[in-house]
Amino acid sequence: GAVVSQHPSWVICKSGTSVKIECRSLDFQATTMFWYRQFPKQSLMLMATSNEGSKATYEQGVEKDKFLINHASLTLSTLTVTSAHPEDSSFYICSARDGGRAYNEQFFGPGTRLTVL
Amino acid sequence: KNEVEQSPQNLTAQEGEFITINCSYSVGISALHWLQQHPGGGIVSLFMLSSGKKKHGRLIATINIQEKHSSLHITASHPRDSAVYICAVSPIQGAQKLVFGQGTRLTINP
């Protein structure tokens, strides 16, 4: 149980295009989802926290108009990188909190590698 | 100084060796997490603990709340254990968010 999937697993796009990444909880209801960004050989950096049905809370320094987050259902959150540029190339990971489990337990997706040319 | 510090940053060992990775933190926490990240990038949650000791197969995690310190041990290490091991804490304030250590890159040679 507690499986989180992400789609796509990797994507290559041209500069200026928008890319949508999906994060799904497959066997539980995710009341909260988190989006992280990870640069090579660095730790995860929290970008935003999203609760189902409400606006995401962005961390300081993360542009909310650049990284659009939607958490429209208890099993799906999406991250859209708008007008992507090469500096947005990174590994994006989501995690989800199961509302029926311990408050501080998170389950991670397999990640999406974004390359912007 | 980071709120969560891990040591060592890199560790190379021979198959079969006993491995210890340490984690120290400076904030009050409700839980500590040990995560494993394989070269492909996916992250697996190994343990979540708030006191004492937990064991799963060849993995053992301990925590000392008073000393704000945790260790992850791997017994009879195997090349498939090669990964980055990340310590993360759930602070008492803002408990939904995780604060991550910088990770320990473990390589087990056959």
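What comes next concerns the included structure.

Parameters and conventions
- Residues numbered from 1 in each chain as written.
- Chains lettered and ligands numbered in written order.
- Predicted model: local features only at pLDDT ≥ 70, side-chain atom pairs only at ≥ 80, totals over all residues.
- Heavy atoms only, no water.
- Pairing = 2+ DSSP bridges.
- Helix = DSSP H or I, 4+ residues; strand = E, 2+ residues; numbered from the N terminus.
- Axes fitted to C-alpha atoms, helices over the stretch in contact; angles between N-to-C directions.
- Patch = residues over 30% accessible without salt bridge, like charges linked within 9 Å, V, L, I, M, F, W, Y side chains within 5 Å.
- Areas by Shrake-Rupley, 256 points an atom, 1.4 Å probe, with all protein chains shown as cover.
- Salt bridge = Lys/Arg side-chain N within 4 Å of Asp/Glu carboxyl O.
- Buried < 20%, exposed > 50% of the residue type's maximum accessible area, 1.4 Å probe, protein only.
- Disulfide = S-S within 2.5 Å.

### What to know about the sheet that holds strand β6 (residues 52–56) of chain B
All names here are of chain B. Strands sit in the order β1-β3-β8-β7-β6 across an open sheet of five strands; the sheet is antiparallel. Two strands close off the open sheet at either side, each with one partner strand: β1 (4–7) and β6. Each strand axis lies, on average, 15° off the axis of its neighbour in the sheet, ignoring direction. The sheet contact formed by strand β7 (residues 59–64) and strand β8 (residues 69–74) spans six bridges and is antiparallel. Directly across from isoleucine 60, in β8, lies its bridge partner histidine 73.

### Observations regarding a nonpolar patch on the surface
All names here are of chain A. Side chains of Trp10, Ile12 and Leu117 sit close together on the surface and give an oily, nonpolar patch of about 390 Å² of accessible area. Relative to the helices and strands, tryptophan 10 resides in strand β2 (residues 10–13). Its relative accessible area of 58% is what places tryptophan 10 among the exposed residues.

### Comments concerning the state of the cysteines
This structure, assessed with the given rule, holds two disulfides over all chains. Bridging cysteine 23 of chain A to cysteine 94 of chain A, the disulfide has an S-S length of 2.0 Å. Across the S-S bond of cysteine 23 of chain A and cysteine 94 of chain A the torsion is about 80°, and the bridge reads as right-handed. Note that cysteine 23 of chain A is positioned in strand β3 (residues 19–25) and cysteine 94 of chain A in strand β9 (residues 90–98), a separation of 71 residues in sequence. Disulfide pairing places cysteine 23 of chain B opposite cysteine 87 of chain B at an S-S distance of 1.9 Å. Linking cysteine 23 of chain B and cysteine 87 of chain B, the disulfide has an S-S dihedral of approximately -65° and is accordingly described as left-handed. Here cysteine 23 of chain B is found in strand β3 (residues 19–25), whereas its partner cysteine 87 of chain B is found in strand β9 (residues 83–91), with 64 residues between them in sequence. For the pair cysteine 23 of chain B and cysteine 87 of chain B, one class covers both residues: buried.

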